[in-house]
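For reference, the chains in residue letters:
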Amino acid sequence: MAIDIPPTRITRRLGDAPAKRLSADFCVLGSGISGISAALEAAQLGRRVVLVDSGPQLGGQSTGSIIGTFCGLYANGPNPRLVTHGIAETLLRDLKATGDAFERVSQRNTVIVMYRVAALQRWIEEAVRQAKIDVVLSANLTSVQRAGRRIAALELATRYGAMEVTATGFVDASGDAALAWTAGLSCREATAPVFGTVMCTLEGADHAALNAMGLAAIHQRLEQKAAQYGLVRHDGFVFAPPQGDEVLVNMTHIETPLDAVGMSRTLLDGRAQVDALLVFLRAEFPPVFGKARVRAYGLPGIRQTRGIVGAYQLLLDDVRQEKRFPDTIARCSWPVEFHDRAEGVHWEQFGDDHMHYVPLRSLVHAEADNLVAAGRCIDADPVALSSVRVMGPCIAMGAAAAHALDLAGSGSAHQVDIAALQKRLKANLED
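Conventions and cut-offs
- Residues numbered from 1 in each chain as written.
- Predicted model: local features only at pLDDT ≥ 70, side-chain atom pairs only at ≥ 80, totals over all residues.
- Heavy atoms only, no water.
- Pairing = 2+ DSSP bridges.
- Helix = DSSP H or I, 4+ residues; strand = E, 2+ residues; numbered from the N terminus.
- Expected span 1.5 Å × (residues − 1).
- Buried < 20%, exposed > 50% of the residue type's maximum accessible area, 1.4 Å probe, protein only.
- Core = buried A, V, L, I, M, F, W, Y, C linked by side-chain atoms within 4.5 Å.
- Contact = heavy atoms within 4.5 Å.
- 1 Å grid on protein atoms, 1.4 Å probe; cavity = no way out; pocket = protein on both sides within 12 Å on 5 of 7 lines; lining within 4 Å.
- Points joined across faces, edges and corners; volume = space filled by probe spheres on them.
- Nonpolar A, V, L, I, M, F, W, Y, C, P; charged D, E, K, R; others polar.
- Salt bridge = Lys/Arg side-chain N within 4 Å of Asp/Glu carboxyl O.
- Axes fitted to C-alpha atoms, helices over the stretch in contact; angles between N-to-C directions.
- Left-handed = near helix turned anticlockwise from the far one by under 90°.

Chemist: Please clarify how the sheet that holds strand S4 (residues 101–105) should be interpreted in this entry.
Modeler: Strand order in the open sheet made by the three strands is S3-S5-S4, with antiparallel pairing throughout. Looking at which strands have only one partner, the edges of the open sheet turn out to be strand S3 (69–70) and S4. Pairing of S3 with strand S5 (residues 111–115), which is carried by two bridges, proceeds in the antiparallel orientation. Looking at the pairing, Phe70 lines up with Val113 of S5.

Chemist: How should helix H12 (residues 391–408) be read in this particular structure?
Modeler: Since the α-helix packs 3.6 residues into each turn, any two residues three or four apart lie on the same face. The first and last C-alpha atoms of H12 sit 26 Å apart over 18 residues, in line with the 26 Å expected at 1.5 Å per residue. Across the 18 residues that make up H12, a large majority, 17, are buried. The positive-phi residue at the C-terminal boundary of H12 is Gly409, with phi of around 60 degrees.

Chemist: Explain the nonpolar core to me, please; I cannot follow it from the model alone.
Modeler: Nonpolar side chains in soluble globular proteins tend to end up buried together. Counting residues in hydrophobic clusters, the biggest one holds 104 residues, and the most contacted among them are Phe70, Ile151, Ile329, Val358, Leu363 and Met397. Examining the composition of this core, we find that twelve residues originate from one element, H12, more than from any other. Filtering out sequence-adjacent residues up to four positions away, Ile151 remains in contact with Val144, Gln145, Arg146, Ala167, Phe170, Leu179, Ala183, Leu185, Asn370 and Leu371. One finds Ile218, Val249, Met251 and Ala276 within the second-largest nonpolar core, a separate group that totals 28 residues.

Chemist: Can you help me understand the layout of surface pockets in this one?
Modeler: To find the voids left in a structure, one rolls a probe of water-molecule size over its atoms. Approximately 330 Å³ is the volume found for the second largest pocket. Every residue lining the second largest pocket is counted, 17 residues in all, and those nearest its centre are Ile66, Arg116, Val117, Thr201 and Glu246. Among the elements of the structure, S5, helix H4 (117–130), strand S13 (247–250) and strand S14 (293–297) are those that each provide at least two residues to the lining of the second largest pocket. In terms of residue count, S14 provides more of the lining of the second largest pocket than any other element does, three residues in total. A breakdown of the residues in the lining of the second largest pocket according to their chemical character gives twelve nonpolar, two polar and three charged.

Chemist: When you look at the pattern of salt bridges in this model, what are you seeing that I'm missing?
Modeler: When the charged atoms of two side chains with opposite charge come close together, those side chains can pair. Counted according to the given criterion, the structure contains 28 salt bridges. Arg188 serves as the salt-bridge partner of Asp379, at 2.7 Å between the closest nitrogen and oxygen. Here the residue Asp379 occupies a position in the loop between strand S20 (371–373) and helix H11 (382–385), and Arg188 occupies one in strand S10 (residues 187–189), the gap between them amounting to 191 residues. Judged by its relative accessible area of 1%, Asp379 is buried. Residues Arg233 and Asp235 are paired through a salt bridge, measuring 2.6 Å at the closest nitrogen-oxygen approach. Residues Arg233 and Asp235 agree in their burial class; the two are buried.

Chemist: Any chance you could explain the packing of helix H1 (residues 33–44) against H12 here in plain terms?
Modeler: When two helices pack together, their arrangement is captured by the angle between the axes and the distance separating the axes. Where H1 meets H12, the closest approach of the two axes is 7 Å, and the angle between their N-to-C directions is 35 degrees. Helix-helix and strand crossings are classified by hand; for H1 and H12 the assignment is right-handed. The residues of H12 that touch H1, namely those facing Ile33, Ser34, Ser37, Ala38, Glu41 and Ala42, are Met391, Cys394, Ile395, Gly398, Ala399, Ala402 and His403. Class assignment of the residues belonging to the contact of H1 with H12 gives a composition of eight nonpolar, four polar and one charged.

Chemist: Whenever I open this one, the environment of Ser37 confuses me. Can you help?
Modeler: Checked against the element boundaries, Ser37 lands in helix H1. Residue classification places Ser37 among the buried positions, given a relative accessible area of 1%. When the C-alpha atoms of Ser37 and Ala75 are compared, they prove to be 20 Å apart, with 38 residues separating the residues in sequence.

Written out as structure tokens, the structure is:
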């Protein structure tokens, strides 16, 4: 069969090609759930948005790390109520309608929502596409241009060449305060390790047998035999959706260094832990896991690394005492969940009526006027952060970052009209 062979041409990169330039009202660095919330909220305000991520797809850890659960969306108590709205309300509605999100009452006295990762991935992609947000994926931040206290532009390296993004306002939703760090602004790092997790999806598990056995039996056996199987963590969770034979497993601990070689090693070591965990589960609990195998390995799930130095550092006492700030922009009742030990987790449970809060000052960098953080790189002490870095408050912080920059305009995010901001965020602050 005859075929027309298209012509080719010989080409060569000549010298340093000029950077491609993008201009926007807001630039959001990081497309995890807080960055997605900020980008979509800004787009709804009619702002032109550029969303940048170093990964090859949108969603950050919510999709790439197979988190699979929304935590911190609900209050505690016998009848937990939704306390984070905005995109949280919309995506829950949409994923529940298609059978891709499932509520379950947690032993922590609240509601956790399980979701199918592929469904959340497509929800995010479609929401961003329909909002006409400019997306730059697989883009590494190489430099930040500053003009006094203002961030002027981000310089990016992509496989297609250099890029420069200019904007009036910037959201650091990178998780590691990458924008603030690269800009040479002050940042905070924990001096002791805070462990992350490589999660996985197993297929071929017997749900009925798992429900009959319960998690306590697994934890007890881990304490007895973890060392025998080369495992470090003695607790964690196995989440089973209502149907099928898949389970989501969160039972490993990994260190999370801030260098390229170390982080790459973490990925390999974490997945080796998953393999060892599967050997343990098959051998010790054959009725449940005898036929199980790994369907998908997550990317390293990072809980805490580096944060900004904000105008205020959220403290553990603020969380315990339910301190409500004059500039409160988010609320949450998730417990303290501090992963400071390889073998386990420090949990500090709160009562039914407990609610703690996040102030705008913990999101606004002390040394910049147009840089607002959202998600796990806000300014909080490591233990306080462990109670607000889950998806619910991260969504609320993303929305707050977008509205704060919108109100600030070409001025300072330190001087926004707090009453006007809280009026916009009312659904996330009041029942």
